[in-house]
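Residue-level listing of the chains:
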Amino acid sequence: VVVLSPTGVVISSFTASGSAISPILSDVFIPDESGYCYFGTKQGVIYKNKYPDIATNVVSRNLADRITSDIRAYYYEPPAKIYVGTENGYVFKISTSATDLWTPIQLSGSVVKQPSIDEGFTQQGGVGVSSLWWGTTNGYVYRLALNDGLLLSSTYTASAITTDIIYDAGFYNQSLNSLNVYFGCKDGRIYCRYGLTLSSVPVNWHDVNLGSKINGLSFDPENKFLYVSCDNGVYKLDALTGNTSWYYYTPSAVISEVFIYGMYWGD
């Protein structure tokens, strides 16, 4: 892990126990955690290091299982929490001092990408449903209670989940929330389900088969559009129906999520 100056000069560096993934710069969000950076390794170790003096390790935690998900931090209601999923299906919720905030929950399949989190906070001060949604390589999407990790509901597809879980609620304008979740799969299908039960298909929605592995989803919650990164290009879909608005072909796979600000992506 390397910290560079704006001119590209190395300020400090740290050698972890394995390949580092998903750095989290906490001082942007939490005053009490100012000056720290969090990251994990594929081998299953979470680190808390000083920032910008990244060479100084403060806390480390070995999860004893290979990390297969992105590492998600939730800052909107302090204290900050860190969520991470592993190869054998365990979901951890840990504090910034690397202690467990719930007993690790085991799901079916390796946990992938990022979860969606509704911790009961909105910009308007409303109340959310205090849940987490995450997908696995065995084709499951789960809804877990945030206070203890209790399994609340799940849904199954015949193919591995390959995208972040997108949840249309929580932090956005409450009058526009649908409480729907969106996710894409290795077999090229995109699904939408009612987020609380995960069993109901919203009215007017039809599941979409794009015929190419889905690598990422980006969501425009105000205008209700999905931007889909695939092995064969980028799609814009109507999030209420699943209908295609446009398609842009790329000669190689688009593996990043689309950045919704004039449309940016990389293949």
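This write-up is about the structure you can find in this document.

Criteria and cut-off values
- Sequence order sets the numbering: in each chain, residues are counted from 1 along the sequence as written.
- The predicted origin of the model limits local features to residues at a pLDDT of at least 70 and limits the giving and counting of side-chain atom pairs to 80 or more, whereas totals for whole chains, interfaces and linings rest on all residues.
- Hydrogens and waters are ignored; side-chain quantities use all the structure's heavy atoms.
- The numbering of helices and of strands both runs from the N terminus, where a helix is a DSSP run of H or I of at least 4 residues and a strand a run of E of at least 2.
- Only heavy atoms matter for contacts: two residues are in contact if any of them lie within 4.5 Å across the pair.
- Only the protein chains shown count as cover for residues, and the accessible areas themselves come from Shrake-Rupley with a 1.4 Å probe.
- Two strands are counted as paired when DSSP detects at least two bridges linking them.
- Lines are fitted to the C-alpha atoms to define the axes, a helix being fitted only along its stretch in contact, and any angle between axes, read from their N-to-C directions, falls within 0 to 180 degrees.
- N or O atoms within 3.5 Å of each other form a polar contact, as long as, within protein, one can give a hydrogen and the other can take it, and as long as residues adjacent in sequence are counted only when both atoms are side-chain atoms.
- To sort residues, take the accessible area from a 1.4 Å probe on protein chains only and compare it with the maximum for the residue type: under 20% means buried, over 50% means exposed, and anything in between is partly exposed.
- The set of buried Ala, Val, Leu, Ile, Met, Phe, Trp, Tyr and Cys residues whose side-chain atoms join them within 4.5 Å is what this entry labels a nonpolar core.

This next bit is on the overall build of the chain. A tally of helices and strands in the chain yields 0 helices and 22 strands. Taking all contacts inside the chain whose residues are at least 6 apart in sequence as the whole, residues at least 24 apart take part in 40%. When the accessible surface of the chain is totalled, it reaches about 12000 Å², and 51% of it is carbon and sulfur.

The strand order across the open sheet built from 4 strands is 3-4-5-6, with neighbouring strands paired in antiparallel fashion. One side of each edge strand has no neighbouring strand; the edge strands of this open sheet are strand 3 (20-25) and strand 6 (57-62). Averaged over all adjacent pairs, the angle separating strand axes in this sheet is 15 degrees, with direction ignored. Alignment of strand 4 (residues 36-41) against strand 5 (residues 45-50), held across 5 bridges, turns out to be antiparallel. In the strand pairing of strand 5, Phe39 is matched with Tyr47.

On the basis of which strands lie adjacent, the open sheet formed by 4 strands has the order 15-16-17-18 and antiparallel pairing. On the outer flanks of this sheet lie strand 15 (166-167) and strand 18 (208-209), each paired with one strand and no other.

Turning next to the side chain of Asn49. Positionally, Asn49 belongs in strand 5. There is a polar contact of 2.8 Å between the side chain of Asn49 and the backbone oxygen of Ile54. With residues up to four places along the chain from it excluded, the contact list for Asn49 reads Phe14, Gly35, Tyr36, Cys37, Phe39, Ile54, Thr56, Asn57 and Val58.

This brings us to the pairing of strand 4. The buried count for strand 4 comes to 6 of 6 residues, which makes it a mostly enclosed element. On strand 4, burial covers both faces: Tyr36, Tyr38 and Gly40 on one face and Cys37, Phe39 and Thr41 on the other are all buried. Direction of pairing for strand 3 relative to strand 4: antiparallel, over a ladder of 4 bridges. Of the residues in strand 4, the one forming a bridge with Ala20 is Thr41. The antiparallel hairpin formed by strand 4 and strand 5 contains 3 residues in its connecting segment, where Gly44 sits at a positive phi of about 105 degrees.

In this section: the nonpolar core. Of all hydrophobic cores here, the largest spans 16 residues; its most connected members are Tyr182, Ile190, Leu210, Leu226 and Val228. For this core, the secondary-structure elements that each account for two or more residues are strand 17 (189-194), strand 19 (214-220), strand 20 (225-230) and strand 21 (233-238). When sequence neighbours within four positions are dropped, the list of residues in contact with Leu210 reads Gly188, Ile190, Val228, Cys230, Asn232 and Tyr235. Core analysis: the second largest hydrophobic core is formed by 15 residues, Ile21, Ile46, Ala73 and Ala80 among them.

Below, the discussion takes up the side chain of Thr136. Among the secondary structure elements, Thr136 is positioned in strand 12 (residues 131-136). Residues contacting Thr136, with those up to four places away along its chain left out, are Leu107, Ser108, Gly109, Ser110, Val111, Val112, Tyr142, Ala160 and Ile161.

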